[in-house]
Amino acid sequence: MDSREPDVATTDPVRHISPGRLPDQSDGDPVIETRGLRMRYGNTDVLHGVDLRVHRGEVLALLGPNGAGKTTTIEILEGFRGRSAGEARVLGTDPGHGDEAWRARLGIVLQSWRDHGRWRVRELLAHLGRYYTPYGTPGRPRPYDTGELLGLVGLTEQAETMVARLSGGQRRRLDVAVGLVGRPDLLFLDEPTVGFDPVARQDFHDLVRRLSDLEDTTILLTTHDLDEAERLADRIALLAGGRIVAEGSAAELAARVSAKAEVRYSKDGEHHAVSVEDATGYVRELFARHGAAIGDLEVRRPSLAEVYLAMVREFESGRPATAPGELTGVDA
Ligand SMILES: Nc1ncnc2c1ncn2[C@@H]1O[C@H](COP(=O)(O)OP(=O)(O)OP(=O)(O)O)[C@@H](O)[C@H]1O
């Protein structure tokens, strides 16, 4: 028996997990689970104990400042990098010991790659796809049909183009196609939309939502584009100082930083802004008192960018975050 296996009481329907040990996967278990994940490069500790859980079909955005250890975490989970300590399970397997069948269930979009320049787009995807054929199942045929995949990533018109002749954004779409070709159960996207124009970015966001909603693909993505994280992620985890310092939906994180919303309006030609906890009640009262005299109404909650900055500052200063940009109330 693997020395990493957990202690499980076989007669007990409730699985007992000893601290720092993770169970094998069964339905409903997280697709990714880490406990106390640590990474040291030389004398420098980069990850100090990362605890992470990602469930099937979920999109998790891993955010954090440059050098926080996002890529390191992803590389450990992909099985590309050995961890210094801690436990990790990815699709029920320790990523340090994943075999070919396990690897075939992962899709990986790296920050960049620079080979395959002489291949034509369709030819490259068909070639890479053949590696996945033995790992298809009736419920999840592998690989993707090349034509369908080209359509999904918006490269149909470039199907016969040599990779070296693609534009930067088209190349990034091809990176995504390479990550998807094996119809992965779990997709890692490391800063996937760098270099995308706004239309490509929107198409990509639609694709990620479709993969998650229709194909039940679990997606772990890193990005510095907070708007992207807010749109795509079911859950956001903030990595700072080698640990996950905050986790939740964008709304939950916003509420943690500030329970207040900002209400802006004009009355008698004057502009007002007030920070309130119950925006709906405040607006109701405002109209009850002033009716048609109220104009230009806007209710604004902190954006993820504001929340992120407040949380990173909180972490750096060691003090709790206060409401970002909180305004002094202006009474109606
Ligand atoms: N192979 C390596 N050897 C030594 N140090 C490394 C190695 N790879 C990464 N590091 C260091 O580990 C830290 C975390 O790097 P990592 O690339 O994981 O951060 P990141 O959060 O992905 O950053 P970014 O947002 O800039 O992509 C950095 O300080 C980096 O210099």
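Note that this is a predicted model, so its numbers are computed, not measured. Residue positions are counted from 1 within each chain, in the order its sequence is given. Under the rules for a predicted model, residues below a pLDDT of 70 receive no local features and side-chain atom pairs below 80 are neither given nor counted, while totals for whole chains, interfaces and linings still include all residues.

### Quick word on the sheet that holds strand E12 (residues 294-300)
The criterion, for reference: Strand pairing is assigned whenever DSSP identifies at least 2 bridges connecting the two strands. Numbering of helices and strands starts at the N terminus; helices are DSSP runs of H or I of at least 4 residues and strands are runs of E of at least 2. Helix axes are fitted only over the stretch in contact, all axes being lines through C-alpha atoms; the angle between N-to-C directions runs from 0 to 180 degrees.
Pairing is antiparallel across the open sheet formed by three strands, whose spatial order is E11-E10-E12. Two strands close off the open sheet at either side, each with one partner strand: strand E11 (270-276) and E12. Strand-to-strand, the axes of this sheet are offset by a mean angle of 15 degrees, without reference to chain direction. Relative to E12, strand E10 (residues 261-267) runs antiparallel, the two being bridged by five bridges. Bridged to glutamate 262 within E12 is arginine 300.

### Let's talk about the site of the ligand
Stated formally: Near, as applied to residues and a molecule or strand, means the residue's backbone-placed C-beta atom lies within 6 Å of it. Three classes are used: nonpolar for Ala, Val, Leu, Ile, Met, Phe, Trp, Tyr, Cys and Pro, charged for Asp, Glu, Lys and Arg, and polar for all others, with Gly counted as polar.
Taken together, Tyr41, Val46, Gly64, Asn66, Gly67, Ala68, Gly69, Lys70, Thr71 and Thr72 make up the full set of residues adjacent to the ligand. Broken down by element, the shell around the ligand gets its largest block of residues, three residues, from helix H1 (residues 70-78). A class-by-class count of the residues in the shell around the ligand yields three nonpolar, six polar and one charged.

### Thoughts on the pairing of strand E8 (residues 235-240)
Of the pairings in the sheet, the one linking strand E3 (residues 59-63) to E8 comprises four bridges and is parallel in character. What sits directly across from alanine 61, in E8, is isoleucine 236. When E8 meets strand E9 (residues 243-248), the two strands line up antiparallel, connected through five bridges. Counted as the bridge partner of leucine 239 is isoleucine 244 from E9. Counting the residues in the hairpin turn of E8 and E9 gives two residues, including glycine 241, whose phi is positive at 60 degrees.

### Some remarks on the domain arrangement of the protein chain
Reports often express the size of an interface as the amount of accessible area lost when the parts come together. Applicable threshold: What counts as a domain boundary in this text is fixed by an automatic or database domain assignment. Contact between two residues is assigned when their C-beta atoms, built from the backbone, lie within 7 Å.
In terms of domains, the protein chain is made up of domain 1 (55-83 + 103-250) and domain 2 (259-317). Between the C-alpha centres of domain 1 and domain 2 there is a distance of 37 Å. Listed per partner, the contact involves eleven residues of domain 1 and six residues of domain 2. Every element with two or more residues in the side of domain 1 that touches domain 2 is listed here: helix H7 (226-232), E8 and E9.

### A short note on helix H5 (residues 168-180)
Let me state the cut-off plainly: What a helix is expected to span follows from its residue count: subtract one and scale by 1.5 Å. Exposure classification rests on a simple neighbour count of other C-beta atoms within 10 Å of a residue's own: a residue reaching 20 or more is buried, one at 12 or fewer is exposed, and one in between is partly exposed. C-beta atoms are placed from the backbone.
Look at H5: 19 Å from first C-alpha to last across 13 residues, which is about the 18 Å you get at 1.5 Å a residue. Among the 13 residues that make up H5, eleven are buried, leaving the element largely enclosed by the rest of the structure.

### Side note on helix H9 (residues 279-290)
Here H9 contains twelve residues, and its C-alpha end-to-end distance of 16 Å stays within 8% of the 16 Å for a straight helix at 1.5 Å per residue. Downstream of H9 by a residue or two, glycine 291 has a phi angle that is positive, lying close to 45 degrees.

### A short note on the confidence of the model for the protein chain
Convention followed: Per-residue confidence from the predictor is reported as pLDDT, a score between 0 and 100.
Averaged over all residues, the pLDDT of the protein chain equals 85, while 86% of them reach at least 70. Confidence, read as mean pLDDT per element, is least for helix H8 (residues 250-257) in the protein chain (82) and greatest for strand E4 (residues 85-90) (97). Low confidence marks residues 1-21, where pLDDT is under 50. Its contacts with residues over four positions away, or in another chain, come to 19 contacts. The low-confidence segment residues 322-332 (pLDDT under 50) makes 29 contacts with residues lying over four places distant or belonging to another chain. For this predicted complex, the interface confidence reaches an ipTM of 0.97, while the overall pTM sits at 0.80.

### Points about the nonpolar core
Quick reminder of the rule: Nonpolar core, as used here: buried Ala, Val, Leu, Ile, Met, Phe, Trp, Tyr and Cys residues forming one set through C-beta atoms within 7 Å.
Ranked by internal contacts, the top residues of the largest apolar core, which has 68 residues, are Ala61, Ala177, Leu220 and Ile236. Tallying contributions element by element places helix H10 (residues 304-317) first for this core, with six residues. Counting the residues that make up this core, at least three belong to each of domain 1 (55-83 + 103-250) and domain 2 (259-317). In this structure alanine 61 touches Leu221, Thr223, Ala229, Leu232, Ala233 and Ile236, once residues within four positions along its chain are discounted.

### Observations concerning unusual backbone geometry
A cis amide bond links arginine 142 with the next residue in sequence, proline 143, at an omega value of -5 degrees. Despite not being glycine, leucine 91 has its phi angle at roughly 50 degrees, a positive value. With respect to the element layout, leucine 91 can be found in the loop between E4 and helix H2 (100-103). The exposure class assigned to leucine 91 is buried, which follows from the 22 C-beta atoms found within 10 Å. One non-glycine residue, aspartate 296, lies in the positive phi region at around 50 degrees. Tracing the chain through its elements places aspartate 296 in strand E12. For aspartate 296, a count of 10 C-beta atoms within 10 Å puts it in the exposed group.

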